[in-house]
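Letter by letter, the chains look like this.
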Amino acid sequence: MSETAVSKRDLYRELLDLPENMVGEIINGELYSQPRPAPRHSMASSSLGDELVSPFQKGRGGPGGWWILDEPEIHLDRQVMVPDIAGWKKDRLPQLPETAWFELAPDWACEVLSPSTARKDRIVKMPVYAEHSVCHVWLIDPVLKTLEAYQLEDRFWKLIGAFSENDVVSIAPFEEIAIELELLWVE
């Protein structure tokens, strides 16, 4: 077995051995861990998921055709990533895997930024998403009350919209519905 394979296996064992209150990821050969999200972070993530699941996963008031999941574990070659929310078009992923992880890159990923993860989400994870052809990434900052939407073009991220506080947005890949951003924030 190669040194890289052993190294990944050892890192994955370390990831699995993390305490239950920690989220772990292996990115570029490094194990990252952080505590479970704070309430403001969880509220933004849960509320966005609530806005997307009915129209895009269940087809209620929207086109359906997606899987939308909270904190899925995604294995992309040697990377093990856990976005806050991710979505796969059902025509690319007709059924959910039997494993506890996905080996197919999502079509969309959303990272909810916190002071301890913002740098990793922007600088470390976004290039990996681009390398694996994730078409859309959203970054949500629940403290600043902002949403940034990016689209992959020629292996580079293009900002397609930046929104804040009370904006109502219809943005790719979910432009069929309007999302009231104020519903994501804790008051």
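Residues numbered from 1 in each chain as written. Predicted model: local features only at pLDDT ≥ 70, side-chain atom pairs only at ≥ 80, totals over all residues. Heavy atoms only, no water.

### Some details on the nonpolar core
Ranked by internal contacts, the top residues of the largest apolar core, which has 23 residues, are Leu48, Leu52, Trp108, Trp138, Ile140, Phe174 and Ile179. Secondary-structure elements contributing two or more residues to this core are α2 (39–57), β3 (66–70), β7 (108–112), β8 (136–141) and β9 (146–153). Broken down by element, this core gets its largest block of residues, five residues, from α2. Counting residues in hydrophobic clusters, the runner-up holds 22 residues, among them Ala86, Trp88, Ala118 and Tyr150. (Core = buried A, V, L, I, M, F, W, Y, C linked by side-chain atoms within 4.5 Å. Buried < 20%, exposed > 50% of the residue type's maximum accessible area, 1.4 Å probe, protein only. Helix = DSSP H or I, 4+ residues; strand = E, 2+ residues; numbered from the N terminus.)

### Thoughts on the pattern of salt bridges
Side-chain pairs of opposite charge can arise whenever the charged atoms involved come near each other. Enumeration according to the criterion identifies eight salt bridges in this entry. Between Glu25 and Lys120 there is a salt bridge, with the nearest N and O atoms lying 2.5 Å from each other. Within this pair, whereas Glu25 is found in strand β1 (residues 22–27), its partner Lys120 is found in helix α3 (residues 118–131), the two being separated by 95 residues in sequence. This pair shows no difference in class: Glu25 is buried, exactly as Lys120 is. Residue Glu71 pairs with Arg36 through a salt bridge whose shortest N-O separation is 2.8 Å. Highlighted residues: Glu71 in the loop between β3 and β4 (74–76) and Arg36 in the loop between β2 (30–35) and α2, separated in sequence by 35 residues. (Salt bridge = Lys/Arg side-chain N within 4 Å of Asp/Glu carboxyl O.)

### Considering the packing of aromatic side chains
We describe a pair of aromatic rings using the distance from one ring centre to the other and the angle between the two ring planes. Across all of its chains, the model carries six aromatic pairs by this definition. Plain terms: the ring middles of Trp66 and Phe174 are 4.8 Å apart, the flat faces sit at 55° to each other, and that makes the pair tilted. With Trp66 in strand β3 and Phe174 in the loop between β11 (168–169) and β12 (179–180), this residue pair connects regions lying 108 residues apart in the sequence. Considered together, Trp66 and Phe174 belong to a single accessibility category, that of buried residues. (Phe/Tyr/Trp six-rings, centres within 6.5 Å; stacked < 30°, edge-to-face > 60°.)

### A look at the sheet that holds strand β6 (residues 85–89)
Across the sheet, six strands lie side by side as β3-β6-β7-β8-β9-β10; this open sheet has mixed pairing. Both edges of this open sheet fall to β3 and β10 (156–164), since each of them pairs with a single strand only. Neighbour-to-neighbour, the strand axes of the sheet open up by a mean angle of 15°, direction not taken into account. Strand direction decides the pairing type here: β6 and β7, joined by three bridges, are antiparallel. Bridge pairing in β7 links Ala86 to Ala109. Against the sheet, α2 touches β3, β6, β7 and β8, its axis set at about 160° to β3. Sitting on the sheet, α3 is in contact with β7, β8, β9 and β10, with an inclination near 175° to β7. (Pairing = 2+ DSSP bridges. Axes fitted to C-alpha atoms, helices over the stretch in contact; angles between N-to-C directions. Contact = heavy atoms within 4.5 Å.)

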